[in-house]
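Commentary on secondary and tertiary structure
Here is what each chain is made of, one letter per residue.
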Amino acid sequence: MAKTPGKISAGTPEVSKSLIADEEVLFGQPVEFDSSTDGVANRYDSGTVAGVALYDHSAGTDDSRRYEQYDPMEVLQKGTAKVRINQKWELSSTDYFGYLSAGDPIYAAPESYFGDGRTYFAAAPESFADGSGNSADGVIDAGYFGDPVGRALESTSDGDDKAVIEADFNLPDVN
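The sections below set out a description of the structure shown in this document.

Reading the values: the criteria
- Just so you know, the residues in each chain are numbered from 1, in the order the chain's sequence is written.
- Whole-chain, interface and lining totals are the exception, using all residues; otherwise, since this is a predicted model, local features are given only for residues with pLDDT of at least 70 and side-chain atom pairs are given and counted only at 80 or more.
- Only heavy atoms go into the side-chain values, all of them from the structure, while hydrogens and water stay out.
- A run of DSSP states H or I qualifies as a helix once it reaches four residues; a run of E qualifies as a strand once it reaches two. Both are numbered from the N-terminal end.
- Only protein chains enter the accessibility calculation, which uses a 1.4 Å probe; a residue is then buried when its area is under 20% of its type maximum, exposed when over 50%, and partly exposed in between.
- Contacts: residue pairs with any heavy atoms within 4.5 Å of one another.
- Here the Shrake-Rupley method, with its probe set to 1.4 Å, supplies the accessible areas, and only the displayed protein chains count as covering residues.
- Here a salt bridge means any side-chain nitrogen of Lys or Arg lying within 4 Å of a carboxyl oxygen belonging to Asp or Glu.
- Cavity means a closed set of points on a 1 Å grid over the protein atoms alone, one where a 1.4 Å probe fits but cannot get out, pocket means an open set with protein on both sides within 12 Å along at least 5 of 7 lines, and lining means a residue has an atom within 4 Å of a point.
- Grid points are joined across faces, edges and corners, and a volume is the space filled by probe spheres set on the points.
- We call Asp, Glu, Lys and Arg charged. Ala, Val, Leu, Ile, Met, Phe, Trp, Tyr, Cys and Pro are nonpolar, and the rest, Gly among them, are polar.

**Section: the overall build of the protein chain**
A tally of regular secondary structure across the protein chain gives 1 helix and 14 strands. Burial analysis of the protein chain (175 residues in total) assigns 42% to the buried set. Partitioning the intrachain contacts of the protein chain with sequence separation of at least 6 by distance along the chain shows that 65% fall at a separation of at least 24. Carbon and sulfur atoms form 44% of the exposed surface of the protein chain, whose accessible area is close to 8800 Å².

**Here we look at the environment of Phe 128**
Secondary-structure assignment places Phe 128 in the loop between strand E11 (121-122) and strand E12 (129-130). Spatially, the C-alpha atom of Phe 128 lies 4.6 Å from that of Gly 98, the residues being 30 residues apart in sequence.

**Some thoughts on unusual backbone geometry**
In this model, Tyr 70 sits at a positive phi of 80°, which is unusual for a non-glycine residue. With respect to the helices and strands, Tyr 70 occurs in the loop between strand E6 (66-67) and strand E7 (72-86). For Tyr 70, a relative accessible area of 59% puts it in the exposed group.

**Comments concerning the pattern of salt bridges**
Under the criterion given, the structure shown has 5 salt bridges. With its nearest N and O atoms 3.3 Å apart, the salt bridge here joins Glu 24 to Arg 66. Remark: Arg 66 occurs in strand E6 and Glu 24 occurs in the loop between strand E1 (15-21) and strand E2 (25-26); sequence separation between them is 42 residues. Residues Glu 68 and Arg 66 are paired through a salt bridge, measuring 2.8 Å at the closest nitrogen-oxygen approach. Judged by its relative accessible area of 22%, Arg 66 falls in the partly exposed class. Members of the salt-bridge network, linked through shared partners, are Glu 24, Arg 66 and Glu 68.

**Quick notes on the layout of surface pockets**
The space that makes up the second largest pocket amounts to roughly 170 Å³. Around the second largest pocket, the lining residues are Tyr 44, Gly 47, Thr 48, Val 49, Phe 145, Gly 146, Asp 147, Pro 148, Val 149, Leu 171 and Pro 172. Grouping the amino acids of the lining of the second largest pocket by side-chain chemistry returns 7 nonpolar, 3 polar and 1 charged.

Set out below in structure tokens:
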């Protein structure tokens, strides 16, 4: 039985799907189906999360750590993978922070929300605190990220802009 590229936990049930990258996609990024076909995927922005782009040693073997456009990529829908988590959000003149504890739900952050060409996973927007220590004041819409896509298996530490953690995904089955 062939192993799924990027598999990190022996014995963990997993479900994955092979898709074609419609743009540059970093390993560990959430992706969604391209609007034209269910065989092509983009970085997650507003649709249904199709899964997580898994590491594949045969793609992006230089320092890019990504799939290039038109590369076949394996997308994890159920199982465990390492992913990058946003812990700091700079909106207007306020910094927002969201830290995760093991067991917390994680959400896919839309690419266009930050406009930096990247998408990462995040804590729930309503759990963010601004730089003054106050609770989130509505700058981040609590429903913007949609439903949780998995749960954190590790806690993040305070103060880091981004962190890499192990996460368990249980996304709905997609065709």
